[in-house]
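# Chain and residue survey
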Amino acid sequence: MHIVCPQCDAINRIPSVRLSEAPKCGRCHQPLFDGYPVELTGSNFQQHVNHNDIPVLIDFWAPWCGPCKMMAPQFAQAATQLEPKVRLAKVNTEVEQMLGAQFGIRSIPTLILLHHGREVARQSGAIGMADIVRWALSHS
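Residues numbered from 1 in each chain as written. Predicted model: local features only at pLDDT ≥ 70, side-chain atom pairs only at ≥ 80, totals over all residues. Heavy atoms only, no water.

### Here we look at the side chain of Asn-12
We apply this condition: By the criteria applied, helices consist of DSSP H or I runs no shorter than four residues and strands consist of E runs no shorter than two, each listed in order from the N terminus. Buried residues are those whose accessible area, probed at 1.4 Å on protein chains only, stays under 20% of the maximum for their type, while exposed residues exceed 50% and partly exposed ones sit between those limits. In the analysis that follows, any N or O atom pair within 3.5 Å is treated as a polar contact, provided that within protein one partner can donate a hydrogen and the other can accept it, and provided that, for residues neighboring in sequence, both atoms belong to side chains. In what follows, residue pairs with any heavy atoms lying within 4.5 Å of each other are defined as contacts.
Within the secondary structure, Asn-12 is located in strand 2 (residues 11-13). Assessed through its relative accessible area of 8%, Asn-12 is described here as buried. Of the polar contacts made by the side chain of Asn-12, one reaches the backbone nitrogen of Gly-26; its length is 2.7 Å. Other than its neighbours up to four places away in sequence, Asn-12 contacts Met-1, His-2, Ile-3, Cys-5, Lys-24, Cys-25, Gly-26 and Leu-32.

### Examining the nonpolar core
This is how the line gets drawn: Put simply, a nonpolar core is a bunch of buried Ala, Val, Leu, Ile, Met, Phe, Trp, Tyr and Cys residues held in one set by side-chain atoms that sit within 4.5 Å of each other.
Counting 19 residues, the largest nonpolar core has Leu-40, Phe-45, Ile-58, Phe-60, Val-91, Phe-103 and Leu-114 as the members making the most contacts within it. For this core, the element with the most residues is strand 4 (residues 56-61), which contributes four residues. In contact with Phe-60, other than residues within four places in its own chain, are Val-91, Thr-93, Leu-99, Phe-103, Ile-105, Ile-108, Pro-109, Thr-110 and Ile-112. In this structure, Phe-75, Val-86, Leu-113 and Ala-121 belong to the second largest nonpolar core, which totals 16 residues.

### Some points on the pairing of strand 7 (residues 118-124)
Side-chain positions along a regular strand alternate between the two faces of the sheet. Rules: Two strands form a pair only when DSSP identifies at least two bridges running between them.
Pairing between strand 6 (residues 110-115) and strand 7: six bridges, direction antiparallel. Note on strand 7: the bridge partner recorded for Leu-114 is Glu-119. Taking the residues that link successive antiparallel strands as the turn, the strand 6-strand 7 hairpin has two residues, and the phi of His-116 there is positive, at about 55°.

### Side note on the pairing of strand 4
Test applied: Consider the strands pointing away from the viewer: the crossover is right-handed when the path from the first strand over the helix to the second runs clockwise.
Most of strand 4 is tucked away, with six of its six residues classed as buried. Across the two faces of strand 4 the burial is the same, with Val-56, Ile-58 and Phe-60 and Leu-57, Asp-59 and Trp-61 all buried. In this view, the connection linking strand 4 to its parallel neighbour strand 5 (residues 87-92) by way of helix 2 (residues 66-82) has right-handed handedness. Bridge analysis of strand 4 against strand 6 gives five bridges, and the strand direction is antiparallel. Its bridge partner lying in strand 6, Leu-57 is registered against Leu-113.

### Some points on the packing of aromatic side chains
Aromatic ring pairs are defined here through the distance separating the ring centres and the angle between the ring planes. Counted only if it meets this: Think of it this way: a Phe, Tyr or Trp ring, Trp meaning its six-membered ring, pairs with another when their centres are within 6.5 Å, and the plane angle makes it stacked under 30 degrees, edge-to-face over 60, tilted otherwise.
Within the structure shown, the criterion is met by two aromatic pairs. Judged by centre distance (5.6 Å) and plane angle (45°), the ring pair of Phe-60 and Phe-103 falls under tilted. Pair noted here: Phe-60 is in strand 4 and Phe-103 is in the loop between helix 3 (97-102) and strand 6, with a separation of 43 residues, a long-range link. Members of the aromatic cluster, each reached through a chain of ring pairs, are Phe-45, Phe-60 and Phe-103.

Read these as layout, nothing more, since geometry by itself doesn't imply function.
Quick look at the structure:
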């Protein structure tokens, strides 16, 4: 499987049976799964969504959004439950307005599950950790 490093954005080839064995990046030697969402930007977005062989669950949010702030710790907790089956990531729509426009984000927070660059599912509104995990697993 191809897994993109959350630290240096390098693509790593990992046998699928070793995903749960805390694999490390071949380039920077950091853990490939650290239990935290990855911050995606215009420069690393395509690398993560197109080159990960696992689904990528993205939280489109903004710093001024109250529901986004309430959901942020729930989303971070979900990363510990979903990795290594699903990579969790965040996109700040205030900074990355082109990404928000590209995906037609009309309300925040919005969760989008992508697999090999294609949208699989979308959920708008703040939800708790258990619902994030359940929703992601039901669509991945």
